[in-house]
Amino acid sequence: MPCKERSEIEITNKEQRAEPTRRPFYCLSGTIIGLTFIIYIMVTSSEVTMMCTWQDCTIFASCQMVFNFDSSSYGAHKGTFRSQPLDSEPEVKRFELVDGLEQLQRKQICVASRSQQGHRNTVNKMLFDEYGRPFIIVKEQQNGRRKLKGTEATKDHILAAKAVAATLRTSLGPKGMDKIFVGPDGDVTITNDGATILSEMQVEHPIAKLMVQLSKSQDDETGDGTTGVVVFAGALLEQAEALLDKGIHPTRISAGYEQACNVAVEHLKTIRTTTEWSPTSLEPLIHACCTALCSKVVNRLQRQLAEICVKAVLAVADLTRKDVNLDLIKIETKVGGTLEDTQLINGIVIDKDFSHPQMPKIVNDAKMCILTCPFEPPKPKTKHGVHVSTVAAYQKLFEEEQEYFRDMVAKVKASGCNLAICQWGFDDEANHLLLQNNLPAVRWVGGVELELIAIATGGHIVPRFSELTPEKLGRARVVRELSFGTTKDHMLVIEGCANSKAVTIFIRGGNKMMLDEAKRSIHDALCVARNFIRDNTVVYGGGAAEMSCSIAVAEAADRITGVEQYAVRAFSDALDAIPVALAENSGLPPLETVASVKARQVAERCSRLGIDCNGVGTNDMLQQHVTEPFSSKAQQFLLATQVVKMILKIDEVVNLGHDDE
């Protein structure tokens with residue numbers, strides 16, 4: 001930032017003034033010399049306009065510099081110099097003029113500095129006037145970035161975090177709005193998922209990056225609630241800003257928030273409900289997944305997609321250990337059809353087809369070998385060359401290559417395999433031999449897909465043909481090739497696998513943007529179902545849990561005698577930000593709606609009452625089947641409080657980079 005102080009310089013004349021009788025001549029010559037010096041400055045400057053008169057000379061540019069000289073004696077002349085940029089705060093520089101321009105006395109010269117780049121080129125360099133006398137422009141201080149400290153820095157950080165939270169606030173709830181992002185290469189993303197929105201945003205502020213990491217942490221831990229955790233953290237910081245204005249130290253605010261968070265989590269444990277379910281009664285899991293899907297673009301099919309997600313999670317879940325490995329659930333998309341065509345496949349879907357168009361499209365009772373070695377002759381790692389001079393030599397070389405291919409195919413057939421899946425490709429000669437030997441094959445299958453196929457079919461990944469045995473083959477009831485519409489797109493479906501611990505959710509949609517958003521929505525629902533299996537306790541949504549905790553925290557604040565009471569009460573007010581945002585996004589009067597529901601919770605002692613976002617006609621979230629996993633809600637409170645405490649305790653930002661002058 002420009003400095004606001006006034007620095008002074010000395011202009012020391014080594015030459016004494018002439019006799020008074022010759023003063024008129026020196027005045028005229030001094031004016032001429034001054035004009036020449038001004039013209040010199042003008043030539044070396046950029047974007048400068050000059051207006052000259054006999055008594056003064058003025059040059060205007062992006063910055064005004066004013067010299068005020070006072071020659072009260074014939075000795076050294078002292079004066080002040082001030083740099084005043086237009087439409088900005090004053091900037092101070094110091095000039096030292098050695099043997100410099102004695103005739104510039106009793107004049108007021110307004111000199112506009114050159115542009116910023118030109119000024120940088122003259123700082124600390126020796127310049128000369130028309131008589132060869134040197135003068136130096138001395139840099140007084142670095143033009144570094146302004147450093148914020150103390151409360152000013154804390155408020156700046158709060159402002160950045162509030163800006164991020166305000167972006168996500170309108171996307172909260174079933175009636176939340178979507179965001180569209182256009183990438184530098186023209187890619188378009190439409191979503192209302194909090195983690196996706198923040199990951200697509202180009203955030204530069206270090207505190208704003210903390211909010212992005214907060215959303216990512218919530219997504220990694222629970223998979224849902226990424227928008228609510230950021231909105232809640234922004235509300236906490238907004239309340240903290242008001243406390244800072246009252247003079248409360250950030251450390252005391254952090255301590256109060258920690259106490260309030262503990263009270264809120266303990267109150268959540270008292271209002272949570274244990275929901276019993278079984279493989280034959282999946283309604284509690286489906287309702288939890290519907291709550292996660294109701295705010296997404298795919299909410300019109302939330303029931304169908306929720307059932308698919310629950311079945312997929314149960315197919316790969318280990319119910320004895322209450323563990324779910326979501327890596328065994330593959331989500332595959334294909335443009336075309338409608339969202340209603342989305343289905344769950346008890347097997348693997350790979351975006352490949354058979355290597356030859358004349359190979360059979362269906363393989364029943366498939367015994368497949370999973371290879372990581374190519375169908376081609378070995379290639380030496382060193383440089384080599386083969387010179388063929390005769391037809392007989394070429395024919396011999398061709399026969400040896402054919403024999404090598406026949407040997408590979410024979411080893412595969414000898415193992416009892418009727419389908420070869422290869423990680424690498426093979427040339428047309430090998431492909432023709434595979435067709436002649438009635439051995440369907442699939443090439444260029446990725447490593448991750450190979451692992452899923454091996455897990456699902458119970459096969460082994462074989463690195464060499466010599467190690468191929470019947471025990472290492474994978475088995476499936478059927479392998480079939482699917483074709484879509486009038487296009488040439490094909491996919492392979494492996495169904496009836498020996499080991500059903502791998503499933504695929506196959507999503508169809510009209511365009512890629514719809515498929516991407518449906519994929520993100522299904523991922524959130526899968527995470528909710530996984531959390532439900534790990535811990536079957538739930539709290540009621542629609543802001544009911546937040547309002548109930550707000551009431552409990554406000555009551556706890558009355559029992560605190562220290563300064564932390566203000567912070568605890570502020571935490572209670574911040575909890576209301578979630579139901580207020582839900583009511584506002586649903587088109588309801590926010591303050592009146594929240595006040596009415598909280599009053600009913602106190603009067604009826606019912607923590608199930610929330611915001612009726614869908615206009616069902618009742619505020620009882622139990623009747624609307626709006627539930628959330630207890631672990632996800634508690635994680636929101638804990639993560640948001642930790643990040644807010646971290647932000648409040650930062651009082652200075654140190655930039656380790658260096659500014660070039």
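Residues numbered from 1 in each chain as written. Predicted model: local features only at pLDDT ≥ 70, side-chain atom pairs only at ≥ 80, totals over all residues. Heavy atoms only, no water.

So, about the layout of surface pockets. For the largest pocket, the calculated volume is near 740 Å³. Residue lining of the largest pocket: 41 residues in total, with Gly173, Pro174, Thr291, Cys294 and Ser295 positioned closest to the centre. Listing elements by their share of the lining of the largest pocket, those giving two or more residues are helix 6 (226-245), helix 8 (283-293), helix 9 (302-316), helix 16 (577-585), helix 18 (621-624) and helix 19 (630-648). At 4 residues, helix 8 tops the list of elements feeding residues into the lining of the largest pocket. (1 Å grid on protein atoms, 1.4 Å probe; cavity = no way out; pocket = protein on both sides within 12 Å on 5 of 7 lines; lining within 4 Å. Points joined across faces, edges and corners; volume = space filled by probe spheres on them. Helix = DSSP H or I, 4+ residues; strand = E, 2+ residues; numbered from the N terminus.)

For an α-helix, 3.6 residues make a turn, and residues three or four places apart therefore share a direction. Taken across its 11 residues, helix 8 has 9 buried, putting it largely inside the fold. Listed as buried for helix 8 are Pro284, Leu285, Ile286, Ala288, Cys289, Cys290, Thr291, Ala292 and Leu293. Where helix 8 is buried, its residues contact helix 9, helix 13 (512-534) and strand 26 (627-629). (Buried < 20%, exposed > 50% of the residue type's maximum accessible area, 1.4 Å probe, protein only. Contact = heavy atoms within 4.5 Å.)

Moving on, we get to the confidence of the model for the protein chain. Scored by pLDDT, the protein chain has a mean of 77; 76% of the residues are at 70 or more. For the protein chain, per-element mean pLDDT is lowest for strand 3 (residues 57-60), which scores 33, and highest for helix 15 (residues 564-575), which scores 94. When the criterion is pLDDT under 50, residues 138-144 qualifies, and its contacts beyond four places in sequence or with other chains add up to 18 contacts. (pLDDT = per-residue confidence, 0-100.)

Right, let's talk about the packing of aromatic side chains for a bit. Tallying each qualifying case throughout the model produces 3 aromatic pairs. With a centroid separation of 5.5 Å and 90° between ring planes, the pair formed by Phe232 and Phe571 is classed as edge-to-face. Linking Phe232 in helix 6 with Phe571 in helix 15, this pair joins segments that are 339 residues apart in sequence. With respect to class, Phe232 is no different from Phe571; both count as buried. Ring centres of Phe232 and Phe637 lie 5.5 Å apart, and the angle between their planes is 50°; this geometry places the pair in the tilted category. On the criterion of sequence distance, the pair formed by Phe232 in helix 6 and Phe637 in helix 19 is long-range, its members being 405 residues apart. Exposure class is identical for Phe232 and Phe637. Each is buried. Aromatic rings pair up to connect Phe232, Tyr257, Phe571 and Phe637 into one cluster. A cation over an aromatic ring shows up here: Arg272 above the ring of Phe630, its NZ or CZ 4.6 Å from the ring centre. (Phe/Tyr/Trp six-rings, centres within 6.5 Å; stacked < 30°, edge-to-face > 60°. Lys NZ or Arg CZ within 6 Å of the ring centre and 35° of its normal.)

The subject of this paragraph is helix 10 (residues 391-414). Compared with the 34 Å implied by 1.5 Å per residue over 24 residues, the 34 Å span of helix 10 between its first and last C-alpha is a close match. Tucked into the core, helix 10 has its buried residues touching strand 18 (362-371) and helix 11 (428-436). Phi for Gly416, located one or two positions after helix 10, is positive at around 90°. (Expected span 1.5 Å × (residues − 1).)

This brings us to the nonpolar core. Counting residues in each nonpolar core, the largest one holds 70 residues, and the members touching the most others are Phe232, Ile253, Tyr257, Leu268, Phe571 and Phe637. For this core, the leading source of residues is helix 6, giving 11 residues. Those residues in contact with Tyr257, other than ones at most four positions away along the chain, are Leu236, Gln239, Ala240, Ala567, Ala570, Phe571, Thr641, Val644 and Leu648. (Core = buried A, V, L, I, M, F, W, Y, C linked by side-chain atoms within 4.5 Å.)

Before going further, it helps to spend a moment on the packing of helix 6 against helix 15. At a minimum axis separation of 9 Å, helix 6 and helix 15 run at an interaxial angle of 140°. In terms of orientation, helix 6 and helix 15 fall into the oblique class. For helix 6 against helix 15, the interelement crossing comes out right-handed. Residue-level contacts link Phe232, Ala235, Leu236, Gln239 and Leu243 of helix 6 to Tyr566, Ala567, Ala570, Phe571, Asp573, Ala574 and Leu575 of helix 15. A per-class count over the contact of helix 6 with helix 15 returns 10 nonpolar, 1 polar and 1 charged. (Axes fitted to C-alpha atoms, helices over the stretch in contact; angles between N-to-C directions. Parallel < 35°, antiparallel > 145°, perpendicular 65-115°, else oblique. Left-handed = near helix turned anticlockwise from the far one by under 90°. Nonpolar A, V, L, I, M, F, W, Y, C, P; charged D, E, K, R; others polar.)

The subject of this paragraph is the sheet that holds strand 12 (residues 273-274). One open sheet holds the 3 strands; their spatial order is 12-25-26, and the pairing between them is antiparallel. For this open sheet the edge positions go to strand 12 and strand 26, each flanked by a neighbour on one side alone. Both strand 12 and strand 25 (residues 537-540) contribute to a ladder of 2 bridges, which runs antiparallel. Counterpart to Thr274 in the pairing with strand 25 is Thr537. (Pairing = 2+ DSSP bridges.)

One pass over the full model with this rule turns up 32 salt bridges. The salt bridge involving Lys216 is made with Asp220; its shortest N-O contact spans 3.0 Å. Of this pair, Lys216 and Asp220 both sit in helix 5 (residues 206-221), 4 residues apart, which is roughly one turn of that helix. Taking the shortest distance from any N to any O, the salt bridge between Glu604 and Arg600 comes out at 3.3 Å. Taken together, the residues span about one helical turn, with Glu604 and Arg600 both in helix 17 (residues 590-604) at a distance of 4 residues. With relative accessibility at 32%, the residue Arg600 sits in the partly exposed group. (Salt bridge = Lys/Arg side-chain N within 4 Å of Asp/Glu carboxyl O.)

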